[in-house]
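Listed below, chain by chain, are the residues.
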Amino acid sequence: MTRWVLHVDLDQFLAAVEQLRRPELRGRPVVVGGNGDPSSRTVVATASYEAREFGIHSGMPMRLAARRCPDAVFLPADNPTYEAASEEVMAVLREFDVVVEVIGWDEAFLQWDGTDPEALADEVRAAVRARTHLSCAVGIGDNTLRAKMATGFAKPGGVHRITAHNWFATFGDSPTGVLHGIGTKTERKLAELGIHTVTQLAEASPTAVGERLGPRMGPYYVSLGRGMGRTEMEGAAYVPRSRSRETTYDQDIDDWTRVLAEISALSVRVSADVADEGRDVARVGVKVRYAPFLTTTRSRTLDSPTRDPAVLEAAALEVAGWFRRDRPIRLLGVKAEFAEVSVGGGTLPTISERGTRSEETP
DNA sequence: TCTGGGGTCCTAGGACCC
DNA sequence: TCTGGGGTCCTAGGACCC
């Protein structure tokens, strides 16, 4: 028996769900995102494979997507429907003899001890397809990182395995940016240290990298280069640390009376989410993005934790009052950070215990 | 091509206390 | 007197991910 991690990733999830409930959309370029208006200030959440052939991909501004494929079907994101579809898939996964850790609507890790992970992957794909009519790819690894990276080779709808045996053969010469957890900024900083490839990162001194990139992040990045990841999944229900709501306006806002009204409205929405959560809030934050794209945040710890909507709104308005008012605003946001939570005997860290959290990776 | 929304964790500096 | 060292909390910002 060997410990395996399977990374299950649904193909073009949002577009697939839309094509499922509207069969006339099958085979057509479908773009899901924002309010469905391709002229609004939003980005693509998911593009169907047909749309990807026009060069449309997640994160791309809607306006550009519309220019690349004017005949695509543009749909608003219908989150409740995607959540429900996701729940169905996760329920199928939980029927296997595995520990399921949900990563997002369309992704989950499975922890499994056995001898033939490909056989399990095939069973999982078949079960998901039979029960939900959705297609998924499965990456197999000896830890989370390798399983996740394997999925890139498995898409769409296939299976691929990456372990310590083929890690360096597969990624050794690749740029560090291919690693899950290293983005463009970190890739650039590593390059400044003379570290360009995965192999070079693996062989780097964790301390030296830590001096440039932080005492925890430095050694963590080196571990990524070595292909290290978790082998124990978190099977317990996810407990959120914060809830937030934010809106980008199609027209910049200049009128500060309107700004405060929007902050109130956002705080009401956050309070509703907080009420659903049934937990007290310890800190309230406000985010302001000025035109053209300058983002600032301010926050305040409450005198005592509360879920009282009136107190949360008053705090949000107070914090909003600390911002400069002399330039147009394109985005406003309100965030609530929860006080400590106890879950099944254990306690999640309080806000003030941030930074002392346990290691994620060896 | 002017760049969503909802999250997580880390970093660093200053306040404050002993 | 111009000089400490550690520890915790708070805050703003950074980076990354789905």
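- Under an unreviewed UniProt entry, chain A has the name DNA polymerase IV and belongs to Pseudonocardia xishanensis.
- Turning to chain A, the UniProt record has this under Subcellular location (unreviewed entry): "Cytoplasm".
- Looking at chain A in UniProt, the text filed under Subunit (unreviewed entry) is "Monomer."

### Things to note about the protein's contact with DNA strand B
Next, step 1: For DNA strand B, the set of nearby residues contains 28 residues, the closest of which are R241, R243, E246, T248 and F293.
Next, step 2: Sugar plus phosphate: this is where 71% of the atoms of DNA strand B within 4 Å of the protein reside.
Next, step 3: Separating a phosphate oxygen of DNA strand B from a backbone N or O atom of P215 is a distance of 3.3 Å.
Next, step 4: M217 has a polar backbone atom sitting 3.0 Å from a phosphate oxygen of DNA strand B.
Next, step 5: Counting residues per element, the ones that place at least two in the surface near DNA strand B are α3 (62-68), β9 (242-253) and β12 (329-338).
Next, step 6: Ranked by residue count, the leading element in the surface near DNA strand B is β9, at seven residues.

### Some remarks on the side chain of T186
Next, step 1: Its place among the elements puts T186 in helix α8 (residues 184-192).
Next, step 2: What makes T186 buried here is its relative accessible area of 12%.
Next, step 3: Ignoring any residue separated from it by four or fewer positions in sequence, one finds T186 in contact with L213 and Y221.

### Points about the UniProt feature "domain: UmuC" (unreviewed entry) in chain A
Next, step 1: Summarizing the sequence annotation, UniProt attributes the feature "domain: UmuC" (unreviewed entry) to residues 5-183 in the numbering used throughout.
Next, step 2: Segment residues 5-183 splits into 38% helix and 21% strand. End C-alpha atoms: 24 Å apart.

### Quick look at the protein's contact with DNA strand C
Next, step 1: Around DNA strand C lies a shell of 21 residues, among which K148, G181, T186, S299 and T301 are the nearest.
Next, step 2: The share of sugar and phosphate among atoms of DNA strand C within 4 Å of the protein is 98%.
Next, step 3: One nitrogen or oxygen atom from the side chain of H180 is found 2.9 Å from a sugar or linking oxygen belonging to DNA strand C.
Next, step 4: Between DNA strand C and I182 there is a distance of 3.5 Å, counted from a phosphate oxygen to a backbone nitrogen or oxygen.

### Here we look at the UniProt feature "site: Substrate discrimination" (unreviewed entry) in chain A
Next, step 1: UniProt tags L14 as "site: Substrate discrimination" (unreviewed entry).
Next, step 2: Tracing the chain through its elements places L14 in helix α1 (residues 13-21).
Next, step 3: For L14, a relative accessible area of 8% gives the class buried.
Next, step 4: Ignoring any residue separated from it by four or fewer positions in sequence, one finds L14 in contact with V32, A45, T46, Y82 and W105.

### A short note on the packing of aromatic side chains
Next, step 1: Inspection of every chain in the model, using the stated rule, returns four aromatic pairs.
Next, step 2: With centroids separated by 5.9 Å and ring planes inclined at 55°, the aromatic side chains of F153 and F171 adopt a geometry described as tilted. Residue F153 is found in helix α6 (residues 144-154), and its partner F171 is found in helix α7 (residues 167-171); the two are separated by 18 residues along the sequence.
Next, step 3: Relative accessible area serves as the criterion here: at 46%, F153 is assigned to the partly exposed category.

### Brief notes about the pairing of strand β11 (residues 294-306)
Next, step 1: With nine bridges joining them, strand β10 (residues 281-290) and β11 adopt antiparallel strand pairing. Bridge pairing links Y290 to L294 in β11.
Next, step 2: The antiparallel pairing of β10 with β11 creates a hairpin that spans three residues between the two strands.

### Some points on the nonpolar core
Next, step 1: L6, F13, L93, L110, V124, V128 and L134 are the most contacted members of the largest nonpolar core, which has 35 residues in total.
Next, step 2: At the level of elements, β1 (2-10), α1, β2 (30-32), β4 (73-75), α4 (79-94), β6 (107-114), α5 (117-132) and β7 (136-141) are the ones that each hand at least two residues to this core.
Next, step 3: By residue number, the principal contributor to this core is α4, which donates six residues.
Next, step 4: Non-local contacts of V124, meaning those with residues more than four positions away in its chain, are made with V8, L93, F96 and L110.
Next, step 5: In terms of nonpolar packing, the next biggest core, distinct from the first, is built from 25 residues, V288, V319, A320 and F338 among them.

### Regarding the domain arrangement of chain A
Next, step 1: Once the domains are mapped, chain A shows domain 1 (9-142 + 151-161), domain 2 (167-225) and domain 3 (242-347).
Next, step 2: Using C-alpha coordinates to define each centre, domain 2 is positioned 35 Å away from domain 3.

### Concerning the pattern of salt bridges
Next, step 1: Tallied over the entire structure, the rule returns 25 salt bridges.
Next, step 2: A salt bridge links R21 to D78; its shortest N-O distance comes to 3.0 Å. Here the residue R21 occupies a position in helix α1, and D78 occupies one in the loop between β4 and α4, the gap between them amounting to 57 residues.
Next, step 3: Using a relative accessible area of 23% as the deciding quantity, one classes D78 as partly exposed.
Next, step 4: The salt bridge involving K148 is made with E107; its shortest N-O contact spans 2.9 Å. Pair noted here: K148 is in helix α6 and E107 is in strand β6, with a separation of 41 residues, a long-range link.

Basis of the calculations
- Residues numbered from 1 in each chain as written.
- Chains lettered and ligands numbered in written order.
- Predicted model: local features only at pLDDT ≥ 70, side-chain atom pairs only at ≥ 80, totals over all residues.
- Heavy atoms only, no water.
- UniProt positions renumbered as here; feature names shortened; annotations may be inferred.
- Near = heavy atom within 4 Å.
- Polar contact = N/O pair within 3.5 Å; in protein donor to acceptor, adjacent residues only side chain to side chain.
- Helix = DSSP H or I, 4+ residues; strand = E, 2+ residues; numbered from the N terminus.
- Buried < 20%, exposed > 50% of the residue type's maximum accessible area, 1.4 Å probe, protein only.
- Contact = heavy atoms within 4.5 Å.
- Phe/Tyr/Trp six-rings, centres within 6.5 Å; stacked < 30°, edge-to-face > 60°.
- Pairing = 2+ DSSP bridges.
- Core = buried A, V, L, I, M, F, W, Y, C linked by side-chain atoms within 4.5 Å.
- Domains from an automatic or database assignment.
- Salt bridge = Lys/Arg side-chain N within 4 Å of Asp/Glu carboxyl O.

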